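An overview of the molecular structure
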Amino acid sequence: MPSPSSYREVKLAHGELVDRIKNLTQKEWVRVCEKLGLYVCPAFGKGSHFAVYKDNVCLPEDSSCCVVTLPVNIYPNFFKEI
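For the rest of this paragraph, the subject is the overall build of the protein chain. Tallying secondary structure elements over the protein chain gives three helices and three strands in all. Secondary structure elements in the protein chain, listed N-terminal to C-terminal, are α-α-α-β-β-β. For the protein chain, buried positions account for 22% of its 82 residues. Taking the intrachain contacts of the protein chain between residues at least 6 apart in sequence as the baseline, contacts between residues at least 24 apart amount to 32%. Carbon and sulfur atoms make up 59% of the accessible area of the protein chain, which amounts to about 6500 Å² in all.

This is the structure in structure tokens:
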């Protein structure tokens, strides 16, 4: 498994596009996930987080199906400048 510092060296092919997504709210991310065909399940996130699964066939207890969790407060600095 790569070290956490090795991820800092990754450069995105279109890093300039990060500015388009770094101010999205949880509600907007939920909409994006649903448009991508992902299954958003608010009941299986921790606290105020929403769990997002690869489809609605996966059991929420199966963590291997979880794609991401979306917190309520998503701050712009979540995405660093590239």
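From this point, things continue past the structure.
Turning our attention to helix α3 (residues 26–35). Burial in α3 covers these residues: Gln26, Trp29, Val30 and Cys33. With its buried residues spanning 105° around the axis, α3 presents them on a single face. Opposite the buried face of α3, by more than 90 degrees, sit the exposed residues Lys27 and Lys35. Of the surrounding secondary structure, the elements contacted by the buried residues of α3 are α2 (18–21), β1 (39–41), β2 (50–53) and β3 (66–70).

Once that is clear, we can look at the sheet that holds β2. The strand order across the open sheet built from three strands is β1-β2-β3, with neighbouring strands paired in antiparallel fashion. Edge positions in the sheet fall to β1 and β3, since each of these pairs with one other strand and no more. Neighbour to neighbour, the strand axes of the sheet diverge by 25° on average, direction disregarded. Here β2 pairs with β3 via four bridges, running antiparallel. Note that in β3 the partner of Phe50 across the bridge is Leu70. Strands β1, β2 and β3 of the sheet are contacted by α3, whose axis makes an angle of about 160° with β3.

About the criteria used
- Residues numbered from 1 in each chain as written.
- Predicted model: local features only at pLDDT ≥ 70, side-chain atom pairs only at ≥ 80, totals over all residues.
- Heavy atoms only, no water.
- Helix = DSSP H or I, 4+ residues; strand = E, 2+ residues; numbered from the N terminus.
- Buried < 20%, exposed > 50% of the residue type's maximum accessible area, 1.4 Å probe, protein only.
- Contact = heavy atoms within 4.5 Å.
- Areas by Shrake-Rupley, 256 points an atom, 1.4 Å probe, with all protein chains shown as cover.
- Arc of directions from axis to C-beta.
- Pairing = 2+ DSSP bridges.
- Axes fitted to C-alpha atoms, helices over the stretch in contact; angles between N-to-C directions.

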